[in-house]
Amino acid sequence: MSTEIHPTDSKPDPRRSTGELIRLEQVTKRFGDHTVLDHLDFSVDAGKHVTLIGPSGSGKTTILRLLMTLLKPDEGTITVDGEQLFPAPEKQVREVRKKIGMVFQQFNLFPNMTVLKNITEAPVTVLGMSKDAAEERARELLEMVGLTEHIGKHPSQLSGGQQQRVAIARALAMRPQVLLLDEVTSALDPELVAGVLDVLRDIARSTDITMLCVTHEMNFARDISDQVLMFDSGRIIEAGPPEKIFSEPEHDRTREFLSAVL
Ligand code: ADP
């Protein structure tokens, strides 16, 4: 199934791409004799927010890990911003990878670094940004995620929700075109979930970043998504705008899944 999403009208940042940003063609991933993704096709246009839903084990996280190049597909091609991410020479992979940021379920902050250093480290070392420019950007991002007063703290001095908001700021500091979000609230205490989702809603509303999001937070998915992809056993069984998928799903499997999680 191909899910075409159309470009938004204006793109203020000329560096940003318009039109199709991500394309997976006939992507298959196996672990041993278990086919986790089965000849998957889909594309995402720049600036769109796409949510991947479906039962545990249906292959959603594997897609994000393929895009992050943490895994390689067994078959198929992956293209980001017109350049192949797989198959491709290592140098090209490194360049294409810079366009993609990811936030994980476990925040994975550097425990021995302050909040500020966590955010500036990669822009300085990977992108070659000056320390001053990286710090200025970090301050802007910390304001965006509501953590300005915690700039000098270490991760262990922060709540899980605050750590996750630092992880979001850290990913955005690399100015990625695509933000991958892998169940970013699943490891949080329930009272900390809303703060993180509010930050993500704000980013979805106020930036032109493309988002691919695996989540079990269906209200959040409904709020931010342009497109929802319903997975089952490594295939997209249904795709559409959130009002369609959540209110009038076509497949019994989607209905069953939604009635279990909503
Ligand atoms: P989801 O995100 O939909 O819960 P995943 O993409 O995490 O699903 O996993 C899909 C399937 O692939 C699961 O059955 C999982 O056990 C399996 N899987 C994922 N990663 C590995 C791995 N590194 N080795 C073996 N099996 C894996």
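Residues numbered from 1 in each chain as written. Predicted model: local features only at pLDDT ≥ 70, side-chain atom pairs only at ≥ 80, totals over all residues.

If you check an unreviewed UniProt entry, the protein appears there as Amino acid ABC transporter ATP-binding protein (PAAT family) from Streptomyces capillispiralis. Under the UniProt heading Subcellular location (unreviewed entry), the entry covering the protein gives this text: "Cell membrane". Per UniProt, the comment on the protein under Sequence similarities (unreviewed entry) is "Belongs to the ABC transporter superfamily." (UniProt positions renumbered as here; feature names shortened; annotations may be inferred.)

Q: Can you break down the site of the ligand residue by residue, with the values?
A: Taken together, the neighbourhood of the ligand is formed by Phe31, Val36, Gly54, Ser56, Gly57, Ser58, Gly59, Lys60, Thr61, Thr62 and Val214. Top contributing element to the shell around the ligand by residue count: helix H1 (residues 60–67), with three residues. When grouped by side-chain class, the residues that make up the shell around the ligand number three nonpolar, seven polar and one charged. (Near = placed C-beta within 6 Å. Helix = DSSP H or I, 4+ residues; strand = E, 2+ residues; numbered from the N terminus. Nonpolar A, V, L, I, M, F, W, Y, C, P; charged D, E, K, R; others polar.)

Q: Give a description of the nonpolar core that names residues and reports values.
A: Within the largest apolar cluster, 66 residues are counted, with the highest numbers of intra-cluster contacts made by Ala169, Leu180, Leu181 and Leu212. Here this core gets seven residues from one element, more than from any other, and that element is helix H5 (residues 160–173). (Core = buried A, V, L, I, M, F, W, Y, C linked by C-beta atoms within 7 Å. Buried ≥ 20, exposed ≤ 12 C-beta atoms within 10 Å, placed from the backbone.)

Q: Can you break down the UniProt feature "domain: ABC transporter" (unreviewed entry) in the protein residue by residue, with the values?
A: Those places that UniProt annotates as "domain: ABC transporter" (unreviewed entry) correspond, in this numbering, to residues 22–258. Counted over residues 22–258, helix gives 39% and strand 27%. Its end C-alpha atoms are 27 Å apart.

Q: How would you summarise the sheet that holds strand S1 (residues 20–31) if you had to cite specific residues and measurements?
A: Either a parallel or an antiparallel arrangement is found when strands of a sheet pair, and the pairing is made through backbone hydrogen bonds. Ordered in space as S2-S1-S4-S5, the four strands form an open sheet in which the pairing is antiparallel. Strands with a single pairing partner mark the edges of an open sheet, and in this sheet they are strand S2 (34–45) and strand S5 (83–86). Here the strands of the sheet are splayed against their neighbours by 25° on average, with no regard to which way each runs. Pairing between strand S4 (residues 75–80) and S5: three bridges, direction antiparallel. The residue of S5 that forms the bridge with Ile78 is Phe86. (Pairing = 2+ DSSP bridges. Axes fitted to C-alpha atoms, helices over the stretch in contact; angles between N-to-C directions.)

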